[in-house]
Amino acid sequence: MRLITCYIIGLVFGLGISLSGMANPAKVLNFFDVAGSWDPSLAFVMAGALIVTFVGYRLVLKRHAPLLAADFQLPKRRDLDLSLIGGATVFGVGWGIAGFCPGGALPALGTGNSDVVVFVAALVAGILAAKRVQSGWRKRAGMPA
Amino acid sequence: MIETLFTPLQSLAGGVLIGLAAVLLMATMGRVMGATGVLAGLLQPLSRSDLGWRAAVLLGMVSGPIGFTLVTGSMPAVQVPHSTPMLVIGGFLVGIGVTFGAGCTSGHGVCGIARLSPRSITATLTFMLTAGVTVYLIGRGMGT
């Protein structure tokens with residue numbers, strides 16, 4: 001039941017990405033290319049997604065627990081640190097170079113396009129490299145890796 | 001750069017579906033719908049059940065373009081303006097960035113902003129700004 005539900009949720013997300021144009025690097029990069037071939041579509045994707053989550057989260061989080069899990073697992077941190085801002089900076093640079101973000105690229109794997117496979121392989125390598133560095137830092141600070 | 005059509009209605013509808021998926025994942029599994037979180041958790045799963053739901057979400061995501069093709073009769077467009085080495089460099093930087101930054105466009109930009117998280121609002125403003133600057137600099141470098 002949980003697996004089927006999660007599959008359908010992933011499918012809705014993947015359909016949304018496909019319909020919105022977020023799976024297309026040219027379209028994503030054109031959102032930022034204000035001085036060139038500007039395409040403001042991405043703002044409409046964000047608006048559509050935020051309207052639904054803004055209202056939907058408030059209704060859902062009024063409940064005591066989710067339907068298929070013990071509790072809500074929300075990120076609790078509210079402080080800003082160097083890792084967050086540095087990470088977001090590097091992510092933006094990579095996004096601006098490649099035109100794919102993880103949410104656009106993972107569904108785009110379903111198109112069978114070989115460029116997407118190259119991007120996702122590099123993405124996974126970057127995640128694993130960063131996790132190694134993070135666990136090294138934690139060890140040095142005397143925390144469990 | 002490759003010209004693309006301005007598609008406000010399609011993009012808005014696509015965004016609504018993305019938001020719907022995020023709300024449904026919170027309602028059922030109590031989790032934030034972040035592509036980074038789903039993928040990173042798959043690479044280092046905490047348990048078998050943790051692996052299971054993430055793999056199911058990912059499989060669903062990958063089925064998205066196939067479902068889209070069945071409905072509309074054509075695959076969603078994937079046009080890559082840059083060379084393969086740039087995709088590799090970009091992908092690696094995105095992987096490093098989303099790990100240290102703890103999220104991407106879906107996790108911070110949609111789910112986090114909807115919860116009015118100061119970390120997500122800051123992260124989103126930061127990566128939108130640096131992506132914009134990067135696109136501008138690459139465009140100037142290529143003389144377009």
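Quick note: structure is the one above.
Scope of this entry: the structure provided in the associated data block.

Rules used in this analysis
Residues numbered from 1 in each chain as written. Chains lettered and ligands numbered in written order. Predicted model: local features only at pLDDT ≥ 70, side-chain atom pairs only at ≥ 80, totals over all residues. Heavy atoms only, no water. Helix = DSSP H or I, 4+ residues; strand = E, 2+ residues; numbered from the N terminus. Buried < 20%, exposed > 50% of the residue type's maximum accessible area, 1.4 Å probe, protein only. Contact = heavy atoms within 4.5 Å. Areas by Shrake-Rupley, 256 points an atom, 1.4 Å probe, with all protein chains shown as cover. Lys, Arg positive; Asp, Glu negative; His and termini not counted. Charge placed at Lys NZ, Arg CZ, Asp CG, Glu CD. Axes fitted to C-alpha atoms, helices over the stretch in contact; angles between N-to-C directions. Parallel < 35°, antiparallel > 145°, perpendicular 65-115°, else oblique. Left-handed = near helix turned anticlockwise from the far one by under 90°. Nonpolar A, V, L, I, M, F, W, Y, C, P; charged D, E, K, R; others polar. Buried area = accessible area lost by both parts, 1.4 Å probe. Salt bridge = Lys/Arg side-chain N within 4 Å of Asp/Glu carboxyl O. Polar contact = N/O pair within 3.5 Å; in protein donor to acceptor, adjacent residues only side chain to side chain. Core = buried A, V, L, I, M, F, W, Y, C linked by side-chain atoms within 4.5 Å. Phe/Tyr/Trp six-rings, centres within 6.5 Å; stacked < 30°, edge-to-face > 60°. Lys NZ or Arg CZ within 6 Å of the ring centre and 35° of its normal.

A few words on the overall build of chain A. Helix and strand counts for chain A stand at six helices and zero strands. Structurally, chain A occupies a C-alpha span of about 50 × 40 × 30 Å along its principal axes. Burial analysis of chain A (145 residues in total) assigns 50% to the buried set. Look at the contacts in chain A between residues 6 or more apart in sequence, and 38% of them connect residues 24 or more apart. Accessible area of chain A: about 6,600 Å², with a carbon and sulfur share of 69%. A gap of 13 Å separates the mean positions of the 13 positive and 6 negative side-chain charges of chain A.

Turning next to the packing of helix α1 (residues 2-20) of chain A against helix α3 (residues 48-72) of chain B. Across the interface, α1(A) lies against α3(B) with an axial gap of 6 Å and an inter-helix angle of 40°. Judged by the inter-axis angle, α1(A) sits oblique to α3(B). Relative to α3(B), the crossing made by α1(A) is right-handed. A breakdown of the residues in the contact of α1(A) with α3(B) according to their chemical character gives 14 nonpolar, nine polar and one charged.

Attention shifts here to unusual backbone geometry. Residues and elements named next belong to chain B. For A102, which is not a glycine, the phi torsion comes out positive at approximately 55°. Note that A102 resides in the loop between α4 (84-100) and α5 (105-114). Located in the positive-phi region is L116, a residue other than glycine, with phi close to 55°. Of note, L116 is situated in the loop between α5 and α6 (118-141). Relative accessible area serves as the criterion here: at 45%, L116 is assigned to the partly exposed category.

Moving on to the interface of chain B and chain A. Every contact between the two is made by 104 residues of chain B and, on the other side, 103 residues of chain A. For the pair chain B and chain A, the two sides together bury roughly 9,500 Å², of which 76% comes from carbon and sulfur. Run the count over chain B and chain A and you get one salt bridge. Note that D81(A) is salt-bridged to R119(B), the shortest N-O span being 3.4 Å. The interface formed by chain B and chain A holds 23 residue pairs in polar contact (both at pLDDT 80 or more) in total. If you list the elements that add at least two residues to the side of chain B that touches chain A, you get α1 (8-29), α2 (35-43), α3, α4, α5 and α6 of chain B. Here the side of chain B that touches chain A is composed, by residue class, of 64 nonpolar, 36 polar and four charged.

Residues W95(A), F100(A), F119(A) and M33(B) are the most contacted members of the largest nonpolar core, which totals 68 residues. Each residue touching M33(B), except ones within four places of it in the same chain, is listed here: I9(A), F13(A), Y57(A), A21(B), A22(B), L25(B), V57(B), M61(B), S106(B), G107(B) and C111(B).

Moving on, we get to the packing of aromatic side chains. Using the criterion set out here, one finds eight aromatic pairs over all chains in the structure. A ring pair is formed by F91(A) and W95(A), whose centres lie 5.6 Å apart and whose planes are at 10°; its orientation type is stacked. Pair noted here: F91(A) and W95(A) are both in helix α4 (residues 82-98), with a separation of four residues, about one helical turn. For the pair formed by F91(A) and W95(A), the shared burial category is buried. Ring geometry for F91(A) and F127(B): centres 4.7 Å apart, planes at 65°, overall edge-to-face. With F91(A) in helix α4 and F127(B) in helix α6, the pair connects residues from two separate chains. The two residues F91(A) and F127(B) agree in class, both being buried. Among the aromatic side chains, those forming a connected cluster through ring pairs are F31(A), F32(A), F91(A), W95(A) and F127(B). Here R58(A) stacks its cationic end above the ring of F54(A), 4.2 Å away from the centre of that ring.

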